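What follows is each chain in one-letter form.
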Amino acid sequence: MIPAEFKYLFPSSVDEAVRMLAEEGEDAKIIAGGQSLVPVLRMRLAAPTALIDIGGLTELTGVRDDGDSLLIGAMTTHYEVQRDHLIQDHALLLRLVTDTVADPQVRHRGTFGGSLCHADPAGDLLAPALALDAVMIIAGPGGRREVPAAEFFVDYFETALRPDEILIDVRVPKYTGWGAHYEKLNRVAQAWSIVAVAAAVQVSGGKIAAARVGLTNVGSGPVRAADVESALIGQPASAEAISAAALKASSGDGYKDNLARVLTDRALMAAVAG
Amino acid sequence: MTATAEPEVGKARLRKEDARLITGQTKWTDNIQLTGMLHMAVLRSPVAHARIRDIDCSRATTMPGVAVVLTGEDFAAEQGSLPCAWPITEDMKAPPAPALAVDQVNFAGEAVALVIADSAYRAADALAAIDVDYDELPVVLDLEEALRDNDLVHPDLGTNKSATWIYDSAEAGSGTNVEDEIASAEVVIERTFRQQRLIPAFMEPRSVVVDPSADMFTIWSATQIPHILRWMLAAVTGIAEHKIRVIAPDVGGGFGGKLQVTPEELLCLLVARRMGRPVKWTETRTESMLSAHHGRDQIQKVTLSARRDGTVTGLKVELLADMGAYLRLVTPGIPILGAFMFNAIYKFAAYRFVCTNVFTNKVPTDAYRGAGRPEATFAIERMMDELAVELGMDPMKIREMNWIKHEEFPFNTVAGLTYDSGNYEAATARAMELFDYESMREEQQRRRSSGDPVQLGIGISTYTEMCGLAPSRVLGALRYAAGGWETASIRMLPTGKVEVITGTSPHGQGHETVWSQIVADRLGVPFEDVEVLHGDTASSHKGMDSYGSRSLAVGGTALVHAADKVLAKARTLAAHMMECDEADVEFASGSFSVRGTSTVRTLGDVVLAAHVAHDLPEGMEPGMDADATFDPDNFSFPHGTHLCAAEVDTQTGMVKIRLYVAVDDVGTVVNPLIVDGQVHGGLAQGIAQALFEEAVHDEMGTLTTATLADYLVPSAADLPGFITARTSTPATSNPLGAKGVGEAGTIASTPAVVNAVLDAVRHMGVRDIEMPCSPERVWNALQGRAADASAPAAGGLGSIDAQGGQS
Ligand SMILES: Cc1cc2nc3c(=O)[nH]c(=O)nc-3n(C[C@H](O)[C@H](O)[C@H](O)COP(=O)(O)OP(=O)(O)OC[C@H]3O[C@@H](n4cnc5c(N)ncnc54)[C@H](O)[C@@H]3O)c2cc1C
């Protein structure tokens, strides 16, 4: 459909963007890659009075090495994440997840930060962000603040971001040398996950030293499979141990519960193999 | 002019129309901009069934750029009823079908008001300012429930039943009595299948522009049927037919979905007449899914009788067909097109078909690729597998025992048709070889015995279909309001170039290429020298348009006849020019010569001589143009054998097609590349019905799959690499020997896939899985749980449900 009328603003700095957000009031919206927002506008599910396009803020793109962690600019596109060497070396899970997002067109425009801010529980990047203990770095009228992923995702399409705030960077601890895998079940290549499981595993001496497991689209936001993670610690990296732990991904008997268990098993097996 | 050496027919030419279609350097309807043009936006009912108490347009009327806001009341006197050209029975019940609802809405998506504004944006803005007060009525959605007539879609009709149509072989004299066969049978199998509702999902959304200037109504529309549209619009509005010109410019797909006279086409015409200014309407994707007609949607109860040795004897089909809320152009006839195909390639002694057409509060159904035949083919091919299981026989064996043998053609079927030609043995042998059937069965056995979580299934579809619509007398006998002939004209231009005018209306099929190939061969002119004009009633003065895999078999034949007329006249003139007896004139590679001499006149010389007309034989008219109209005396019957190997992940329910072999016999092939393209696309759509697509309504009658994020059209990434091959048994009903290929892939593939899925999991206790075989449905079936009738887990913004869990 055809969107309702809106004002279009193009800030040249984060501070200017924050100021614009405050000036334009509650009905203004940030537009990043537009891959989720534009469909919403076209269907007139929302009619913001102003769009503040942060596409010109080059300081928000790219991945930086920050010692023990990586800083991923909110405007880094999916395409850039897929090809970034720091991510490949220290946060492999993010690359593998991003590989499964949508199609090349969408990956060229859609952004890492936009995916997290949009907070669709079926979105693929939420579960790995949660599992990897990412921290959101947010700019607002009162300056900067940091919010851990576990507190950032509040509900369906809802985050801890206030209307006058912008996500600028995402801090992701380094998982150098960890095996990783994203096991996604969707019906057609373009469709969103019915359920997907993001897993990262650190194996040392044949034993699982640490594990991170996040589930996509099993609730109102991403879900950390903490019971699975703890059941794995100190276990041999074997099919039996993994299958036993994977059962803790869900206790229900519905289709998605089953998928949570089966896909966790598969994700972990692939992660220890890789 | 140079002659073409290599024959054009059979050549895999790249399509001459593709560059402009793919780059968009052409006229799509929505590209058309006219001076002073207004834009129409349509307010659609959010509810499925309601009385309209009041429509308040006062706010909308004052919005910026709005010229006028119109409701059904405004058009009540002039809009008439949208046409239904196929009253299948004398007593068929048909409600009036207003283009714009007047006092009642009968499906969610029905048009209730129009905004006419100076831009598409302002028209869309004003829609939100129209207030409609609805008095909701009970919603009728389920076919079986509808038949009880507790709640009525159209109270004035007194029933939800539109018509019942029967074919009975005992009554028709084409076979014995089915009840006798069933009563005396050694084996009787009864099954019920659901043909889910599908959405045609053509690539280019519908669009209409009407220009009322110059004492004429010129209508551009993204339609498959410019000629029928002109006729019907004249009939509905009373505007004289010669004052209406319809142009289907380049049209981006249809699949039957644009075989329609739509409310919006009529409304644009009425608005343009009222305003005296050009008007454009272009739909959004969601609007298309909510209001353009849907396809399929049947419940099929099938009873098959057989002997223990596997010989089939009787077939009884009881159909409930969902019409939706109104009868559109050919809505009632779609299931009837299937009536002749349930018996398929098998020799049943007795056959009875009873179809009950039912109204519901849903979008009207109508033609969708295959139209009636995919439904029939699905049912019979599923039944043949069920019989094989029942008797413990190989499913291919049982088909082979029962099919019409090559030497038995022409064959009069129990459904009253005459199949002119076919060779099921040859197509099957080729398919079995390409598929390596035996080793696939061995692997299946290995996976079963090792308890592999991924099981393998093999599905067969030995289909035939009837196409090349159609002999006019047969259409008449079926009470269809039009004929089935087709027309072609050839204009020989003075420079030797050729214009072909065809009554077919391509919307992606590649007629320009194929028609050029036919003419190039016939007249010996270069392929590049032929231009094909179509889709404009001013140049292509008559035609029956494109659907039902008819264009080549019928329209191509008309073209051959027209070319032959050109040649016959040219031969007479050539003889005159070379001063010889006509009997001594030979024609080859575009040149006439006198047998045994070196005297030659090219076709170009002869055409020029005819054009200048300085020296013509006594009584010959100047010019070398010719027209021909061809009315076939039979349908054509493509057939083939499709084999599908499907892997079913029993832990997730996910189905993956591992191998798909399609061997089709479409008779003579003019362009193998185009035939492959038609087969690939057809397979994609048939597989989509088996695995992916479904129009789902909630209990209020709201379509919940109204975007392409929810309605899962597969892409190349979701489909296997197809292995296609051909056998060729030419049709005897046309000089080309062509049978039609537009729908074969769709018709054949759906049962092949579902048979494969079931074959993979039958040993685990699964007897049936409803289409589409989504992972959740397959998994539920494996758990022994009832199939969930609600929306299969899809994706998109509406995918989130709360049942998923985490400990
Ligand atoms: C066809 C298609 C298929 C898709 N398939 C998938 C898929 O399989 N998996 C998947 O995960 N995603 C999928 N997506 C979504 C895609 O990943 C989007 O890129 C992503 O959801 C949003 O990113 P964006 O940059 O486009 O954000 P936008 O659409 O521009 O914005 C989304 C929302 O986030 C807000 N926002 C964006 N950036 C910021 C910021 N820096 N600070 C504050 N607020 C911000 C906006 O105001 C808006 O509300 C698909 C999209 C399409 C169109």
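Keep in mind it's a predicted model, so treat the numbers as computed, not measured. (Residues numbered from 1 in each chain as written. Chains lettered and ligands numbered in written order. Predicted model: local features only at pLDDT ≥ 70, side-chain atom pairs only at ≥ 80, totals over all residues. Heavy atoms only, no water.)

Turning next to the pairing of strand β9 (residues 207-211) of chain B. Taken residue by residue, a regular strand's side chains alternate between the two faces of the sheet. All names here are of chain B. Buried residues dominate β9, accounting for five of its five residues. Judged by which residues are buried, β9 turns out to be covered on both faces: S207, V209 and D211 on one side and V208 and V210 on the other are all buried. Across four bridges, the pairing between β9 and strand β12 (residues 279-282) is antiparallel. From the neighbouring strand, V208 faces β12, where its bridge partner is W281. Across four bridges, β9 lies against strand β10 (residues 217-221) in antiparallel orientation. Its bridge partner being in β10, V209 is matched across the sheet by W220. Where β9 hands over to β10, the hairpin turn is made up of five residues, of which A214 adopts a positive phi near 60°. (Buried < 20%, exposed > 50% of the residue type's maximum accessible area, 1.4 Å probe, protein only. Helix = DSSP H or I, 4+ residues; strand = E, 2+ residues; numbered from the N terminus. Pairing = 2+ DSSP bridges.)

Right, let's get into the site of the ligand. Residue and element names in this part refer to chain A. By nearness alone, 29 residues border the ligand, and I30, G34, S36, L37 and T111 come closest of all. Between the ligand and S36, the relevant distance is 2.6 Å, taken from an oxygen atom to a side-chain nitrogen or oxygen of the residue. A distance of 3.0 Å is found between a nitrogen atom of the ligand and a backbone nitrogen or oxygen belonging to L167. In isolation the ligand has 960 Å² of accessible area, and contact with the protein removes 91% of it. Taken together, the elements giving at least two residues each to the shell around the ligand come down to β2 (28-31), α7 (112-118) and β10 (166-173). Sorting elements by how many residues they give to the shell around the ligand places α7 first, with four residues. In terms of residue class, the shell around the ligand is made up of 14 nonpolar, twelve polar and three charged. (Near = heavy atom within 4 Å. Polar contact = N/O pair within 3.5 Å; in protein donor to acceptor, adjacent residues only side chain to side chain. Areas by Shrake-Rupley, 256 points an atom, 1.4 Å probe, with all protein chains shown as cover. Nonpolar A, V, L, I, M, F, W, Y, C, P; charged D, E, K, R; others polar.)

Chain A puts 43 residues into the contact, and the matching count from chain B is 38 residues. Here chain A and chain B share an interface that buries about 3,300 Å² over both sides, 58% of which is from carbon and sulfur atoms. The interface formed by chain A and chain B includes three salt bridges. Between D125(B) and R44(A) there is a salt bridge; the shortest N-O distance is 2.7 Å. Where chain A packs against chain B, one counts nine residue pairs in polar contact (both at pLDDT 80 or more). Elements supplying a minimum of two residues to the side of chain A that touches chain B: β14 (223-224), α10 (226-232) and α12 (255-273) of chain A. Here the side of chain A that touches chain B takes eight residues from α12(A), the largest share from any one element. In terms of residue class, the side of chain A that touches chain B is built from 25 nonpolar, eight polar and ten charged. (Contact = heavy atoms within 4.5 Å. Buried area = accessible area lost by both parts, 1.4 Å probe. Salt bridge = Lys/Arg side-chain N within 4 Å of Asp/Glu carboxyl O.)

Now for the domain arrangement of chain A. Residues and elements named next belong to chain A. The domains assigned to chain A are domain 1 (7-56), domain 2 (63-173) and domain 3 (179-273). Between the C-alpha centres of domain 1 and domain 2 there is a distance of 18 Å. In total, about 1,100 Å² of surface goes out of reach between domain 1 and domain 2, with carbon and sulfur atoms giving 76% of it. Contact with domain 2 buries surface across domain 1, with V18, L21 and Q35 losing the most and accounting together for 38% of the total. Where domain 1 packs against domain 2, one counts zero residue pairs in polar contact (both at pLDDT 80 or more). Ranked by residue count, the leading element in the side of domain 1 that touches domain 2 is helix α1 (residues 14-24), at five residues. Considered class by class, the residues forming the side of domain 1 that touches domain 2 number seven nonpolar, four polar and two charged. (Domains from an automatic or database assignment.)

This part takes up the packing of helix α12 (residues 373-391) of chain B against helix α21 (residues 744-761) of chain B. Residues and elements named next belong to chain B. Closest axis-to-axis distance for the α12/α21 pair is 8 Å, and the angle between their directions is 30°. α12 and α21 meet at a crossing whose hand is right-handed. Between α12 and α21, the residues in contact are R373, P374, T377, F378, E381, R382 and D385 and T746, I747, T750, P751, V754, N755 and L758, respectively. (Axes fitted to C-alpha atoms, helices over the stretch in contact; angles between N-to-C directions. Left-handed = near helix turned anticlockwise from the far one by under 90°.)

Residue and element names in this part refer to chain B. Across the sheet, which stays open at both edges, the four strands sit in the order β18-β26-β27-β28 with mixed pairing between neighbours. Whereas interior strands pair on both sides, the edge strands pair on one side only; in this sheet they are β18 (454-464) and β28 (722-726). For this sheet, the mean angle separating the axes of adjacent strands, direction not counted, is 10°.

Residues and elements named next belong to chain B. Inspection of every chain in the model, using the stated rule, returns 71 salt bridges over all chains. As a salt-bridge pair, K362 and D322 come within 2.8 Å of each other at their nearest N and O atoms. In this pair, K362 is assigned in the loop between β15 (350-359) and α12 and D322 in strand β14 (residues 312-324), connecting sequence segments 40 residues apart. Note on accessibility: K362 and D322 belong to one class, buried. In this structure, a network of salt bridges that share partners links the residues R44, R206, E264, E283 and E287.

So, about the packing of aromatic side chains. All names here are of chain B. For the structure shown, the criterion picks out 18 aromatic pairs over all chains. Here the aromatic rings of Y167 and F340 are separated by 6.3 Å at their centres, their planes lie at 65°, and the arrangement is edge-to-face. Here the residue Y167 occupies a position in strand β7 (residues 161-168), and F340 occupies one in the loop between α11 (334-339) and β15, the gap between them amounting to 173 residues. For the pair formed by Y167 and F340, the shared burial category is buried. Residues Y419 and F637 carry aromatic rings whose centres are separated by 4.7 Å and whose planes lie at 40° to one another, so their mutual orientation is tilted. On the criterion of sequence distance, the pair formed by Y419 in strand β17 (residues 418-419) and F637 in the loop between β25 (626-630) and β26 (639-649) is long-range, its members being 218 residues apart. Each residue in the set W165, Y167, F340, F342, Y351 and F353 is aromatic and connected to the rest through ring pairs, giving one cluster. Residue placement shows K542 over the ring face of W485; its charged tip is 5.7 Å from the ring centre. (Phe/Tyr/Trp six-rings, centres within 6.5 Å; stacked < 30°, edge-to-face > 60°. Lys NZ or Arg CZ within 6 Å of the ring centre and 35° of its normal.)

Another aspect to go through is the sheet that holds strand β4 (residues 63-66) of chain A. The strands that make up a sheet pair up through hydrogen bonds in the backbone, lying either parallel or antiparallel. All names here are of chain A. Strand order in the open sheet formed by five strands is β4-β5-β10-β6-β7, with antiparallel pairing between adjacent strands. Strand pairing shows two members of the sheet lacking a second neighbour, β4 and β7 (143-148), which therefore form its edges. Mean inter-strand twist for the sheet, computed between neighbouring axes without regard to direction, equals 25°. As paired elements, strand β6 (residues 135-140) and β7 share six bridges and run antiparallel to each other. What sits directly across from G140, in β7, is G143. The strands that α1 touches are β6, β7 and β10; relative to β10, the one it contacts most, it runs at about 130°.

All names here are of chain B. Assigned domains of chain B: these are domain 1 (18-25 + 485-630), domain 2 (32-137 + 203-253 + 258-291) and domain 3 (295-469 + 634-794). Each of domain 2 and domain 3 has a C-alpha centre, and these two points are 36 Å apart. Each partner contributes to the interface: domain 2 provides 34 residues, whereas domain 3 provides 28 residues. With both sides pooled, the region where domain 2 packs onto domain 3 buries about 2,400 Å², and carbon together with sulfur makes up 70% of that total. For the domain 2 face of the interface with domain 3, the top three residues by lost area are W86, F107 and M289, together amounting to 26%. Taken together, the connections running from domain 2 to domain 3 amount to zero salt bridges. Where domain 2 meets domain 3, there are eight residue pairs in polar contact (both at pLDDT 80 or more). When residues of the side of domain 2 that touches domain 3 are traced back to their parent elements, those giving at least two are α8 (226-237) and α10 (285-291). For the side of domain 2 that touches domain 3, the leading source of residues is α10, giving five residues. Taken together, the residues of the side of domain 2 that touches domain 3 break down into 24 nonpolar, six polar and four charged.

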